[in-house]
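Each chain is listed here by its residues.
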Amino acid sequence: MPFVAALIGYVTKRVAIEMMFRPVEFVGIKPFLGWQGVLPANAGRMARTATEMLTSNLVDPKEIFARLDPARVAKEIEQPLLRIVEDVTREVMEEYQPRLWEALPNTAQQLLLKRVQADAPRAITKIMREISENIEDVLDLKEMVVTNLVRDKALLNRLIRDISRPEMRFIARSGIVFGCYLGCVQLLVWALTKSPIVLPLFGIGIGWLTDWLALKMIFLPREPRNFLGFYTWQGVFQKRRHQVAADYGDMIAREIITIPNLLEAILRGPKSDKLFGLITREVQRSIDLQASVVKPFVAVAVGTRRFQEMKQTAAVKAAERIPETVRHAEDYAINALDVRNTIVDRMRLLSPMEFEGLLRPAFRQDEWKLIAVGAIIGGLVGELQVLLLLH
């Protein structure tokens, strides 16, 4: 009986752990006949909880982006930027006035290109500085994180599972220990009563109590506490806070707050129109400033209104290509933003209650389901024991 009880304790824990994460998508007949992992099923709520923790306590977008040196970014992307300037200039001129562009002497063409190219790094520096100083106007970090976690439920699973693997192992192994102890009690009660109902009742109790106790011991007590005068215990998750901080920082910097994700959020997020407006204004201003050498010819040839359309087209083409060019500064940006170390340092300063909030929401709302499943499995195994004993 102690052996079977230990088995019940272990199996119910393993089932509870897997039910938290699997399956990623609902399997069965919606809405009630089937199952989806607790985390994937609550992806929106979990993503918002994780994001609130991240943006409220760990990462300040304004502080992070202030670390970027706009001049250094411009230098990093200088060569691809110059190619874009030349391509856009040629495309616009050939689209609106191909004969005029072809008729211009090569020296005039090159003079125009070089003047625009010479101003491009200054324009990029100014754009980057404005973005850095007003990052909230072009980037919604909360929206970016929530969108990525909800879209990729497997990523949400990894975010929780990877930082809590030791806790998951503790849950499973504790089931063996707790189950064995309770099995000894079960054996004593059975020996005294010989009542068949003892086995399923203890099976339910073992499944329920060991699940409940293991979940509590992950988080509580938040500070080391002495029990019975000789035994000290602290919640497993709290005890590992320095390692958890390192793992969490790695995960966020490697898979969530990445340069590609940030660029996508800035370019396609709810505030992207403000970024393109900023780039458009700066490109048009640069064209007016640098195109004076051919502006009289172009204005006469195509008309003032047509010339304004040319500037708008040039601005749109540049706005579409400049963000892709910024990817050439990715290595510099990763080191400058230093997301990983920022998160690690801030996490280690969190209070025990705040730190618990990193993982606890993954269990709290639906942990009763996991405990109930443990009790059901324990009861079924108890019934099986009764059948074996009767035969």
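Look a little higher up for the structure.
Everything numeric in this text was worked out from a predicted model, so none of it was measured.

Colleague: Please explain the overall build of the chain as it appears in this structure.
Modeller: Within the chain, the regular secondary structure consists of 24 helices and 4 strands. In the chain, which comprises 391 residues, the proportion classed as buried is 49%. Nonlocal contacts in the chain, meaning residues at least 24 apart in sequence, comprise 80% of its contacts between residues at least 6 apart. Accessible area for the chain stands at about 19500 Å²; split by element, carbon and sulfur atoms hold 60% of it.

Colleague: I would appreciate a short explanation of empty space enclosed by the protein in the present structure.
Modeller: Here the idea is plain: a probe the size of a water molecule rolls over the atoms and shows the empty space left. The final tally for this structure, using the stated rule, is 5 cavities of 30 Å³ or more. Roughly 310 Å³ of internal volume is contained in the second largest cavity. Every residue lining the second largest cavity is counted, 21 residues in all, and those nearest its centre are M128, I131, L263, I266 and V326. When its residues are assigned to classes, the lining of the second largest cavity shows 20 nonpolar, no polar and 1 charged.

Colleague: Help me understand the state of the cysteines, please; the structure alone is not making it clear to me.
Modeller: Joining two cysteines, a disulfide is a covalent bond between their sulfur atoms. Applying the stated criterion to the full structure yields 0 disulfides. You can see C184 has no disulfide; the closest cysteine sulfur is in C180, sitting 4.8 Å from it. For C184, a relative accessible area of 42% gives the class partly exposed.

Colleague: Would you mind showing me how to read the side chain of N148 here?
Modeller: Within the fold, N148 resides in helix α10 (residues 141–151). A distance of 2.7 Å separates a polar atom in the side chain of N148 from a polar atom in the side chain of R151. Sequence-distant contacts of N148, defined by excluding residues within four places in its chain, comprise L155 and N261.

Colleague: Honestly, the side chain of R240 in this entry has me stumped. Any pointers?
Modeller: You can see R240 is positioned in the loop between α14 (236–239) and α15 (241–255). When residues no more than four places from it in sequence are discounted, the contact partners of R240 are I163, S164, P166, E167 and D247.

Colleague: Is there a simple way to explain the packing of helix α1 (residues 2–21) against helix α11 (residues 153–163) in this structure?
Modeller: Pairs of packed helices are described in terms of their axes, by the angle between the two and the distance that separates them. With their axes 10 Å apart at the nearest point, α1 and α11 run at an angle of 145° to one another. For the pair α1 and α11, contact is made by R14, I17, E18 and F21 and by N157, I160 and R161, respectively. Here the contact of α1 with α11 is composed, by residue class, of 3 nonpolar, 1 polar and 3 charged.

Colleague: Any chance you could explain unusual backbone geometry here in plain terms?
Modeller: Apart from glycine, the bulk of residues carry a negative phi angle, and the bulk of peptide bonds sit in the trans form. The amide bond that connects R22 to the next residue, P23, takes the cis arrangement and shows omega of -10°. Checked against the element boundaries, P23 lands in the loop between α1 and β1 (27–29). If you check the backbone angles, D338 has positive phi at about 50° while not being a glycine. Among the secondary structure elements, D338 is positioned in the loop between α20 (330–337) and α21 (339–347).

Colleague: Could you clarify how one ought to interpret α21 in this entry?
Modeller: Note that an α-helix has 3.6 residues per turn; residues three or four places apart therefore point the same way. Every buried residue of α21 is accounted for by V339, T342, I343, V344 and M347. Residues of α21 that are buried in the fold lie against α3 (43–58), α4 (61–65), α15, α20 and α22 (352–356).

Colleague: Any chance you could explain the packing of α3 against α21 here in plain terms?
Modeller: It is the contact of α3 with α21, at a shortest axis distance of 10 Å, that shows an interaxial angle of 85°. In this view, α3 runs roughly perpendicular relative to α21, as classed from their interaxial angle. Residues L54, N57 and L58 of α3 pack against T342, I343, R346 and M347 of α21.

Colleague: Is there a simple way to explain a nonpolar patch on the surface in this structure?
Modeller: A surface patch of nonpolar side chains, amounting to about 690 Å² of accessible area, comprises F3, L7, Y10, V11, I176, V177 and Y181. Within the residue set of the nonpolar patch, elements represented by two or more residues are α1 and α12 (165–193). At 4 residues, the largest contribution of residues to the nonpolar patch is made by α1.

Colleague: Can you help me understand the packing of aromatic side chains in this one?
Modeller: Remark: the centre distance and the inter-plane angle together describe each pair of aromatic rings, the angle taken between the planes. According to the stated counting rule, one finds 2 aromatic pairs in the structure shown. With centroids separated by 4.9 Å and ring planes inclined at 25°, the aromatic side chains of F237 and F355 adopt a geometry described as stacked. One end of the pair, F237, is in helix α14; the other, F355, is in helix α22, and 118 residues separate them in sequence. Given a relative accessible area of 0%, F355 falls into the buried group.

Rules used in this analysis
Sequence order as written defines the numbering, with residues in each chain counted from 1. Since the coordinates come from a predicted model, pLDDT governs what is reported: local features require at least 70, and pairs of side-chain atoms require 80 or more to be given and counted, while whole-chain, interface and lining totals use all residues. Excluding hydrogens and water, the side-chain figures rest on all heavy atoms present in the structure. Numbering of helices and strands starts at the N terminus; helices are DSSP runs of H or I of at least 4 residues and strands are runs of E of at least 2. For every residue, the accessible area (1.4 Å probe, protein chains only) is compared with the maximum for its type, and the residue is labelled buried under 20%, exposed over 50%, or partly exposed between those bounds. In what follows, a contact means two residues having at least one pair of non-hydrogen atoms within 4.5 Å. A 1.4 Å probe and the Shrake-Rupley method give the accessible areas. Residues count as covered only by the protein chains that appear here. A cavity here means a set of 1 Å grid points, computed over protein atoms only, where a 1.4 Å probe fits but cannot escape. A pocket is an open set with protein on both sides within 12 Å along at least 5 of 7 lines, and lining residues have an atom within 4 Å of a point. Grid points are joined across faces, edges and corners, and a volume is the space filled by probe spheres set on the points. Any residue outside Ala, Val, Leu, Ile, Met, Phe, Trp, Tyr, Cys, Pro, Asp, Glu, Lys and Arg is labelled polar, Gly included; the first ten of those are nonpolar and the last four are charged. Throughout, a disulfide means two cysteine sulfur atoms within 2.5 Å of one another. Definition of a polar contact: a pair of N or O atoms within 3.5 Å, with one able to donate and the other able to accept a hydrogen when the atoms are protein atoms, and with sequence-neighbouring residues admitted only if both atoms are side-chain atoms. Throughout, an axis means a line fitted to C-alpha atoms (over the contacting stretch in the case of helices), and angles, computed between N-to-C directions, take values from 0 to 180 degrees. Orientation labels follow simple angle bins: below 35 degrees gives roughly parallel, above 145 gives roughly antiparallel, 65 to 115 gives roughly perpendicular, and whatever is left gives oblique. Patches were defined on residues exceeding 30% relative accessible area and lacking a salt bridge, with like-charge contacts within 9 Å and nonpolar side-chain contacts (Val, Leu, Ile, Met, Phe, Trp, Tyr) within 5 Å. Salt bridge, as used here: a side-chain nitrogen of Lys or Arg that lies within 4 Å of a carboxyl oxygen of Asp or Glu. For Phe, Tyr and Trp, rings pair up if their centres lie within 6.5 Å, where Trp contributes its six-membered ring, and each pair is then called stacked (planes under 30 degrees apart), edge-to-face (over 60) or tilted (otherwise).

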